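Structural features, examined
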Amino acid sequence: SALRDVVAALPKVELHVHLVGSAGIETVTSLARRHPASGVPTDAAQLREFFTFRDFDHFLKVYWAVQQLLRDSTDIHTLVTGLAADLAAQNCRYAEVTVTPYNHLLDGIPGDELLTGLATGRAAAAEEHGVDLAWCFDIPGEKGTKAGKETLVFALTNRPEGLVSLGLGGPEVGVGRAQFEPYFTAAREAGLHSVPHAGETTGPATIWSAVHDLGAERIGHGTSCTSDPALLEYLGTHGIPLEVCPTSNVCTRQVPSIEAHPVRRMLDHGLLVTLNTDDPPMFGVTLNGEYLAVAETLRLRPAELARLARNGVEASFLEGPARAGLL
Ligand code: ADE
Ligand code: ZN
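Being a predicted model, the structure only gives us computed values, none of them experimental. (Residues numbered from 1 in each chain as written. Chains lettered and ligands numbered in written order. Predicted model: local features only at pLDDT ≥ 70, side-chain atom pairs only at ≥ 80, totals over all residues.)

1. What about the overall build of the protein?
When helices and strands are tallied, the protein shows 17 helices and 8 strands. By the compact-globule yardstick of 20 Å for 327 residues, the protein fits well, its C-alpha radius of gyration being 18 Å. Taken over the C-alpha atoms alone, the protein extends approximately 50 × 45 × 45 Å along its principal axes. Residue pairs at least 24 apart in sequence account for 74% of intrachain contacts in the protein once pairs closer than 6 positions are excluded. (Helix = DSSP H or I, 4+ residues; strand = E, 2+ residues; numbered from the N terminus. Rg over C-alpha atoms; globule rule 2.2 N^0.38 Å. Contact = placed C-beta atoms within 7 Å.)

2. As for the environment of Ala89
Along the chain, Ala89 falls in helix H5 (residues 73-89). When the C-alpha positions of Ala89 and Thr286 are compared, they lie 9.5 Å apart, and in sequence the two are 197 residues distant.

3. Overview of the sheet that holds strand E7 (residues 242-244)
Strand order across the open sheet formed by 8 strands is E1-E2-E3-E4-E5-E6-E7-E8, with parallel pairing between neighbours. A strand with exactly one partner marks an edge of an open sheet, and here the two such strands are strand E1 (12-18) and strand E8 (273-275). Strand-to-strand twist across the sheet, computed as the mean angle between neighbouring axes with direction ignored, equals 25°. The pairing of strand E6 (residues 219-221) with E7 spans 2 bridges and is parallel. Looking at the pairing, Ile219 lines up with Leu242 of E7. Packing against the sheet, helix H10 (residues 204-214) makes contact with strand E5 (193-198) and E6, and its axis sits at approximately 160° to E5. (Pairing = 2+ DSSP bridges. Axes fitted to C-alpha atoms, helices over the stretch in contact; angles between N-to-C directions.)

4. Looking at the pairing of strand E4 (residues 163-169)
When you tally the buried positions in E4, you get 5 out of 7 residues, the bulk of the element. Looking at chain direction, strand E3 (residues 132-140) and E4 are connected through 6 bridges and run parallel. Paired with Pro140 across the strands is Gly169, a residue of E4. Handedness of the β-α-β unit built from E3, helix H8 (residues 144-158) and E4 comes out right-handed. (Buried ≥ 20, exposed ≤ 12 C-beta atoms within 10 Å, placed from the backbone. Right-handed = clockwise from strand over helix to strand, strands pointing away.)

5. Considering unusual backbone geometry
Peptide bonds are mostly trans, and most non-glycine residues show a negative phi. A positive phi is found at Asn91, a non-glycine position, where the angle reads about 55°. Turning to its location among the elements, Asn91 is positioned in the loop between H5 and strand E2 (92-99). One non-glycine residue, Arg299, lies in the positive phi region at around 50°. Relative to the assigned elements, Arg299 resides in the loop between helix H15 (287-297) and helix H16 (302-315). With 7 C-beta atoms packed within 10 Å, Arg299 lands in the exposed category.

6. With respect to the environment of Val153
Structurally, Val153 can be placed in helix H8. Residues Val153 and Leu133 lie 20 residues apart in sequence; the distance between their C-alpha atoms is 22 Å.

7. Details of the pairing of E5
A large share of E5 lies buried, amounting to 6 of its 6 residues. Burial of the side chains of E5 extends over both faces: His193, Val195 and His197 are buried on one face and Ser194, Pro196 and Ala198 on the other. Relative to E5, E4 runs parallel, the two being bridged by 4 bridges. Within E5, the position partnered with Leu168 by the bridge is Pro196. You can see the chain leave E4, run along helix H9 (residues 181-189) and come back into E5, and the turn it takes is right-handed. Direction of pairing for E5 relative to E6: parallel, over a ladder of 2 bridges. Directly across from His197, in E6, lies its bridge partner Gly220. Regarding the hand of the β-α-β motif, the stretch spanning E5, H10 and E6 is right-handed.

8. Some thoughts on the packing of H8 against H9
Relative orientation of the contacting elements H8 and H9 amounts to 15°, with a least axis distance of 9 Å. Judged by the inter-axis angle, H8 sits roughly parallel to H9. Two packed elements cross with a definite hand, and for H8 against H9 that hand is left-handed. Here Gly148, Lys149, Thr151, Leu152 and Ala155 of H8 come into contact with H9, specifically with Tyr183, Ala186 and Ala187. Considered class by class, the residues forming the contact of H8 with H9 number 5 nonpolar, 2 polar and 1 charged. (Parallel < 35°, antiparallel > 145°, perpendicular 65-115°, else oblique. Left-handed = near helix turned anticlockwise from the far one by under 90°. Nonpolar A, V, L, I, M, F, W, Y, C, P; charged D, E, K, R; others polar.)

This is the structure in structure tokens:
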């Protein structure tokens, strides 16, 4: 369709994509074959079945199974370059990719193997795919303050090239944002940006806490913000962008459909909405697919679509000529 061509031609950025969740069927198949004890299916049909989610907890179980396939720098490199190829195919020029070092270290991959795979993968992404990658190291919230402290220390002691932010992911229910305040404060003092998930699976109070306690500069998801007029007002006047991942929210059963997604109300309130994929192959989506779904559902004009792509660049932590080049 004409709209599909408009979407494909737009230069885009991706601000909310998890490295583990970006593994395509091909990548997971080859990793599963290399690590047969994992229990992850090795054929494409079985994998697609495996990737069909019943609910958010089931999604996280699948996600964690794929994570356990990552044993050395070669596995990480394979994953990063696979993501870069997928991004290039979406005409996505820049991505802030969420990596969860604490989980990888728990699974037994040495820190230097992880860092080496990220660095060589990032270099190959730029050289072979023309995609500029940045990293968000995120805290797996369900593992508590120990994970918070160790993620911060890992980030600041290694300070890999391309690291721009500290994040907070995992389930939100029973995982208060405020307990992570010391780590976000220290990260911000060290020049990293604050990008927690909030309001994906819980209400607006979690988003308020992300803003007040963690100094959030962007909100991962923020889906529930539309149920609180004061919060909508706050996010609007402070220009705090939302990393909206519409299909992800449908797949994890947080919203019934794209039609019913609060993205319409976010835009109506003038919020800085960006479109993202979260865990693209796991949710069977692409970045262009998300743009197209929202454009069709909201009947956006090409100029409004271009505005959404531009929002992504504005909300990004790109600096200097690279930022100017995309604006
Ligand atoms: N990790 C990977 N995807 C996630 C999501 N959508 N929410 C929280 N943690 C995640
Ligand atoms: Zn996410």
